[in-house]
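# Survey of secondary and tertiary structure
Residues per chain are reported as follows:
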Amino acid sequence: MRFKPDLKWSDVTPKADFLNRRQLIKGAAGALALGGIGGAAHAKGQYAVEGIDEVNSLEDITSYNNFYEFGTGKGDPAQYAHALTTDPWTVKIDGLVDNPGDYDLADILANVDIEERIYRFRCVEAWSMVIPWNGFELRQLLERAGVQSSAKYVAFETLVRPEEMHGQRSPILDWPYREGLRLDEAMNPLTLMATGLYGEDLPNQNGAPLRLVVPWKYGFKSIKSIVRITLTDTQPETSWNMQNPREYGFYSNVNPEVSHPRWSQASERKIGGFFASRQDTLMFNGYGEYVADMYADMDLSAEF
Amino acid sequence: MQQVFAPNMQQIFMPLNSATRRLPVWAVYLLGVLPFVWLVVQLFTGQLGVDPVKAIEHALGLYGLYFLVGGLAITPARKFLGLNLIKYRRAIGVLSFFYVATHLAVWLVLDIQLRWGEIWDDILKRPYITIGMLSFLALLPLALTSNNASVRKLGSQAWRNLHKLTYVAVPLGAVHYIMIVKGWQIEPLLWLGAILVLLFLRRFR
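Residues numbered from 1 in each chain as written. Chains lettered and ligands numbered in written order. Predicted model: local features only at pLDDT ≥ 70, side-chain atom pairs only at ≥ 80, totals over all residues. Heavy atoms only, no water.

With an unreviewed UniProt entry as reference, chain A is termed Protein-methionine-sulfoxide reductase catalytic subunit MsrP, source organism Halocynthiibacter styelae.

See the structure below:
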């Protein structure tokens, strides 16, 4: 089944408005738009999610980032990521695939369907934003590469280029940044390779030119500036799990019941507005309807 | 000759000491709240970014740490540098508590937003919050007794002993900072190092 969302950022946020400031969708027009999102999308069995009543502004999304390749401060990526060269860009696809090789970004994009996806993005630090991504389903790229039947996992790597990514000169993580998904997670229609937001190219600080977005997992799973995708039959190493396995599991599904040693995951602050309000965190970040089946046999407090 | 190459520290700081003698204590309080005022100005002029609550919370915590370390530095500064700032130590201590207490208040009210169940869970289950709360609780009696009446009531020796709680509270504050950042970041480690040096210097009488 092709996943065809009918929720567009322009339904939620008028273009004139996102350019200035975040927009609360309130009042009659907002109620209508929300009715469209929740009602219609739900009726078609698509990806309605509770608690999305506001899309964050471009300013929110592009000035508050965790991208340690450019420094550990939330404002560092916006300040330093301009140094990153994103053209030319190639992605090496290797491992258990029929068509391994170096894929030029333009060639990748010419063979996929780019669409808009509005997802809530839930950081492990207990904050969230609602982001209007543009991108394509990862499975389209994987199908093109020809996943072999022995493949069970997908591993991703971020670019290593310390001369442009000054954060990589300090050993805060074991570079390159690495992430991974189980194959069924990678093939899930919700799993997006984002190429833009708000209908424009992805800003560097958000992981240009190509990043993963896995909306039911904590944000650090959504690896940025990807240069390598490897199909494997063993569970790949992932950066934050390597750094602190007690705190960061391989799955890292959003789960209000399993608390992180440093952050209660029961609730989250919605970034945006003068003071961010707090809301209850939902299991799988609200996407359980589309993803919970994949974990039916698992003890999610043990495999967190 | 030796004087030329290793001048007596006391002589270097003598002019500074006479200058600071003229600065009244209330001026230190006034200067000490300027960072707070500056935060409020930044807040209302939209300079704190898209998450002003976190920016304020972190800034207040850092200012608290700076003043705590400043307070710890006063005795070694006199002993090893001849710089006498004892007169301002209470002001620096009270200011440090002001920042630590507002830091805690911002966490309770603006960050966790008085969700008491989660607050209690956080205090019990999250070591960095447990440690931060312990540090606050150790500072609380010190702030409450930072007045002449308390010194008289407790007696000088008991008051001094009570105020040795700073030797526990300040390193706990730095550990709290080390634990909240993701990964091993250098700045909080340097602060803990500086605190341990300042405590170690007290061994030399």
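This brings us to the overall build of chain A. Looking only at helices and strands, chain A features ten helices and 14 strands. In chain A, which comprises 304 residues, the proportion classed as buried is 60%. Considering only residue pairs separated by 6 or more positions, chain A has 72% of its internal contacts joining residues 24 or more positions apart. Here chain A displays about 11,900 Å² of accessible surface, and carbon together with sulfur accounts for 51% of that area. (Helix = DSSP H or I, 4+ residues; strand = E, 2+ residues; numbered from the N terminus. Buried < 20%, exposed > 50% of the residue type's maximum accessible area, 1.4 Å probe, protein only. Contact = heavy atoms within 4.5 Å. Areas by Shrake-Rupley, 256 points an atom, 1.4 Å probe, with all protein chains shown as cover.)

This part takes up the nonpolar core. A general tendency of soluble globular proteins is for nonpolar side chains to be buried together. If you look at the biggest cluster of nonpolar residues, it comprises 83 residues, and the most contacted ones within it are Trp133, Phe156, Leu212, Trp216, Ile229 and Tyr287 of chain A. At six residues, the largest contribution of residues to this core is made by strand E6 (residues 127–137) of chain A. Setting aside residues no more than four positions away along its own chain, Ile229 of chain A makes contact with Val91, Lys92, Ile93, Asp94, Leu141, Leu142, Val154, Ala155, Phe156 and Met193 of chain A. Counting 29 residues, the second-largest nonpolar core is a separate cluster that includes Leu68, Ile123, Ile129 and Ala138 of chain B. (Core = buried A, V, L, I, M, F, W, Y, C linked by side-chain atoms within 4.5 Å.)

Okay, the UniProt feature "binding site: Mo-molybdopterin" (unreviewed entry) in chain A next. Residue and element names in this part refer to chain A. According to UniProt, the positions carrying the feature "binding site: Mo-molybdopterin" (unreviewed entry) are Asn65, Tyr68, Glu69, Cys123, Thr158, Asn206, Arg211, Ser222, Ile223 and Lys224. Summarising the element assignment, Thr158 is placed in strand E7 (residues 153–158). In this structure Thr158 comes out as buried when scored by relative accessible area, which is 2%. (UniProt positions renumbered as here; feature names shortened; annotations may be inferred.)

Let us now look at the confidence of the model for chain A. Averaged over all residues, the pLDDT of chain A is 87; the fraction at 70 or higher stands at 85%. Counting interchain partners and residues more than four positions distant, the pLDDT-below-50 stretch residues 19–46 of chain A has 41 contacts. (pLDDT = per-residue confidence, 0-100.)

Turning our eyes to something else, we now look at the interface of chain B and chain A. The interface of chain B with chain A comprises 26 residues on the first partner and 32 residues on the second. Of the roughly 2,200 Å² buried between chain B and chain A on both sides combined, carbon and sulfur atoms contribute 52%. Of all residues in chain B, Val50, Arg126 and Lys182 of chain B give up the largest surface area on contact with chain A, accounting jointly for 34% of the area buried on that side. Summed over the shared surface of chain B and chain A, the result is four salt bridges. Close ionic contact of Asp280 of chain A with Arg115 of chain B constitutes a salt bridge, the shortest N to O distance being 2.7 Å. The interface formed by chain B and chain A contains ten residue pairs in polar contact (both at pLDDT 80 or more). When residues of the side of chain B that touches chain A are traced back to their parent elements, those giving at least two are helix H3 (25–44), helix H4 (52–81), helix H5 (89–111), helix H6 (116–125), helix H7 (127–144) and helix H10 (166–180) of chain B. Ranked by residues supplied to the side of chain B that touches chain A, first place goes to H4 of chain B with four residues. Here the side of chain B that touches chain A is built from residues that sort into 14 nonpolar, three polar and nine charged. (Buried area = accessible area lost by both parts, 1.4 Å probe. Salt bridge = Lys/Arg side-chain N within 4 Å of Asp/Glu carboxyl O. Polar contact = N/O pair within 3.5 Å; in protein donor to acceptor, adjacent residues only side chain to side chain. Nonpolar A, V, L, I, M, F, W, Y, C, P; charged D, E, K, R; others polar.)

Further remarks concern the sheet that holds strand E8 (residues 178–182) of chain A. Residue and element names in this part refer to chain A. If you trace the five strands from one edge of the open sheet to the other, you get E4-E3-E12-E7-E8, paired in mixed fashion. Each having just a single partner strand, strand E4 (101–104) and E8 make up the two edges of the open sheet. Going from strand to strand, the sheet's axes swing by 20 degrees on average, the running direction of each strand aside. Inspection of the sheet shows strand E3 (residues 90–95) paired to strand E12 (residues 226–232) by four bridges, in the parallel sense. Pairing of Asp94 across the sheet is with Thr230, part of E12. Relative to the sheet, helix H7 (residues 138–145) contacts E3, E4, E7, E8 and E12, its axis offset from that of E12 by approximately 65 degrees. (Pairing = 2+ DSSP bridges. Axes fitted to C-alpha atoms, helices over the stretch in contact; angles between N-to-C directions.)

According to UniProt, the feature "domain: Oxidoreductase molybdopterin-binding" (unreviewed entry) maps to residues 85–240 of chain A in the numbering used here. The distance separating the terminal C-alpha atoms of residues 85–240 of chain A is 25 Å; by composition the span is 13% helix and 38% strand.

Taken together, the side chains of Leu23, Leu31, Leu34, Val37, Trp38 and Val41 of chain B make up a nonpolar region of the molecular surface, amounting to roughly 520 Å² of accessible area. Its location among the elements puts Leu31 of chain B in helix H3. (Patch = residues over 30% accessible without salt bridge, like charges linked within 9 Å, V, L, I, M, F, W, Y side chains within 5 Å.)

A few words on the packing of aromatic side chains. Applying the stated criterion across every chain yields a total of 19 aromatic pairs over all chains. Plain terms: the ring middles of Trp240 of chain A and Tyr248 of chain A are 5.1 Å apart, the flat faces sit at 50 degrees to each other, and that makes the pair tilted. Summarising the burial analysis for this pair, Trp240 of chain A and Tyr248 of chain A share the class buried. Relative to Phe204 of chain B, the ring of Phe200 of chain B has its centre 5.6 Å away and its plane inclined at 85 degrees; by these criteria the two rings are edge-to-face. Among the residues examined, Phe200 of chain B registers a relative accessible area of 45% and is labelled partly exposed. By relative accessible area, which is 43% here, Phe204 of chain B ends up partly exposed. (Phe/Tyr/Trp six-rings, centres within 6.5 Å; stacked < 30°, edge-to-face > 60°.)

Residues and elements named next belong to chain B. Counted at 1.5 Å a residue, the expected span for helix H11 (residues 186–201) with its 16 residues is 22 Å, and the 23 Å between its end C-alpha atoms agrees. Among the residues making up H11, those that are buried are Pro188, Leu192, Ile195, Leu198 and Leu199. Taken around the axis of H11, the buried residues stretch over an arc of 120 degrees, which confines them to a single face. In H11, the exposed residues that point more than 90 degrees away from the buried face are Ile186 and Leu190. Turning to H11, the residues buried within the fold contact H4 and H10. (Expected span 1.5 Å × (residues − 1). Arc of directions from axis to C-beta.)

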